[in-house]
Amino acid sequence: MTDQKVAIVTGGARGIGAAITTGLARSGVHVAAGYSSNSRAAEELAGKLSAEGCSVSVHQGNVGVPEDCQRVVEEVLADRGRVDHLVNNAGVTVDKTMRKMTVDDWHAVLRINLSGAFYMSKAVLEHMLERGSGRIVNISSVIGQTGNVGQVNYAASKSGLFGMSQSLAREVARKGITVNCVAPGYVETEMVAAVPENVLEKIIAGIPVGRLGQAHEIARAVQFLVDDEAGYITGSVVSVNGGMDM
Ligand SMILES: NC(=O)c1ccc[n+]([C@@H]2O[C@H](COP(=O)([O-])OP(=O)(O)OC[C@H]3O[C@@H](n4cnc5c(N)ncnc54)[C@H](OP(=O)(O)O)[C@@H]3O)[C@@H](O)[C@H]2O)c1
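Attention in this report is confined to the structure presented alongside it. (Residues numbered from 1 in each chain as written. Predicted model: local features only at pLDDT ≥ 70, side-chain atom pairs only at ≥ 80, totals over all residues. Heavy atoms only, no water.)

### Re the site of the ligand
- In the vicinity of the ligand, 29 residues are found, and the nearest of them are Arg14, Asn89, Tyr154, Val187 and Thr189.
- The contact in question runs from an oxygen atom of the ligand to an N or O atom on the backbone of asparagine 38, over 3.0 Å.
- A distance of 2.8 Å separates an oxygen atom of the ligand from a polar atom in the side chain of lysine 158.
- Alone, the ligand offers 890 Å² of accessible surface; in the complex the protein occludes 94% of this. (Near = heavy atom within 4 Å. Polar contact = N/O pair within 3.5 Å; in protein donor to acceptor, adjacent residues only side chain to side chain. Areas by Shrake-Rupley, 256 points an atom, 1.4 Å probe, with all protein chains shown as cover.)

See below:
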């Protein structure tokens, strides 16, 4: 087993996930960055960080498929012998009002955003329990705290992460494992680029800090929560939202 700490970051090659991968890798952690379809983004990020002297591997898998989650964790354990941190960041939106939302739209979002975090956490849990240490960080959203028009599926998935994290946090609190959520507000990534400009202007006008968040600002909160010194923080939500929900 390597001495270097190992983090798995799902959706770790784009957007907020890429910033989390970058922040952790630059802090000296080996990052196993997951991706589902965008192998180019994953290879490019890994190449860039490796050129800086960072240690990064990339792993294809759909977090909505439990067998993929199990396989990715096994790949990382076979390569590195340990998983210290799991960051469940992969997420999608399929925005429609409830009246237009189909059952498939509902399940598509719940499967990736909520079940995906469950599958990944379950896949690493026995290993973390055996080692008596671990950090699990689930990337939720301010929408899970406030709800939003056109996002009943997304909001349900992100609120669900709070309950799942608190319950698991209680189950493993005495085993050296912490489980927390980071709840970003609106962050400048491709997910937010999909929001129509006039809607985005209104959103920004309602953010007390007066701007969108940056992916590295979310990554910083994740780095804080996975630190050795953060062992007394569990079952918590760290909001990074420019004051949207206070
Ligand atoms: N941007 C925001 O304003 C905002 C606000 C609050 C919370 N969040 C949350 O932050 C997380 C990252 O958001 P983002 O804005 O960075 O999104 P993004 O730019 O759209 O990136 C989404 C990431 O998730 C991965 N992914 C999607 N479906 C997947 C699947 N089935 N299996 C594995 N990976 C999958 C993608 O991988 P591929 O590239 O391979 O498809 C990609 O890396 C999400 O959970 C999102 O809900 C975002």
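### Thoughts on the pattern of salt bridges
- A complete count under the given rule lists 10 salt bridges for this structure.
- Residue aspartate 84 pairs with arginine 131 through a salt bridge whose shortest N-O separation is 3.4 Å. Taken as a pair, aspartate 84 in the loop between helix 3 (66–80) and strand 4 (85–88) and arginine 131 in helix 4 (residues 103–131) lie far apart in primary sequence, 47 residues in all.
- Under the relative-accessibility criterion, aspartate 84 is labelled buried at 6%.
- The salt bridge partner of aspartate 105 is lysine 96, with a shortest N-O separation of 2.7 Å. (Salt bridge = Lys/Arg side-chain N within 4 Å of Asp/Glu carboxyl O. Helix = DSSP H or I, 4+ residues; strand = E, 2+ residues; numbered from the N terminus. Buried < 20%, exposed > 50% of the residue type's maximum accessible area, 1.4 Å probe, protein only.)

### Structural notes on the packing of helix 4 against helix 6 (residues 152–172)
- Between helix 4 and helix 6, whose axes approach to 8 Å, the crossing angle comes to 15 degrees. Of the possible angle classes, the one that applies to helix 4 and helix 6 is roughly parallel. Taken as a pair, helix 4 and helix 6 cross one another with a handedness that is right-handed. Residues Asp105, Trp106, Val109, Leu110, Asn113, Leu114, Ala117, Phe118, Ser121, Leu125 and Leu129 of helix 4 form the contact with helix 6, whose own contacting residues are Val152, Asn153, Tyr154, Ala156, Ser157, Lys158, Gly160, Leu161, Met164, Leu168 and Val172.
- Taken together, the residues of the contact of helix 4 with helix 6 break down into 15 nonpolar, 5 polar and 2 charged. (Axes fitted to C-alpha atoms, helices over the stretch in contact; angles between N-to-C directions. Parallel < 35°, antiparallel > 145°, perpendicular 65-115°, else oblique. Left-handed = near helix turned anticlockwise from the far one by under 90°. Contact = heavy atoms within 4.5 Å. Nonpolar A, V, L, I, M, F, W, Y, C, P; charged D, E, K, R; others polar.)

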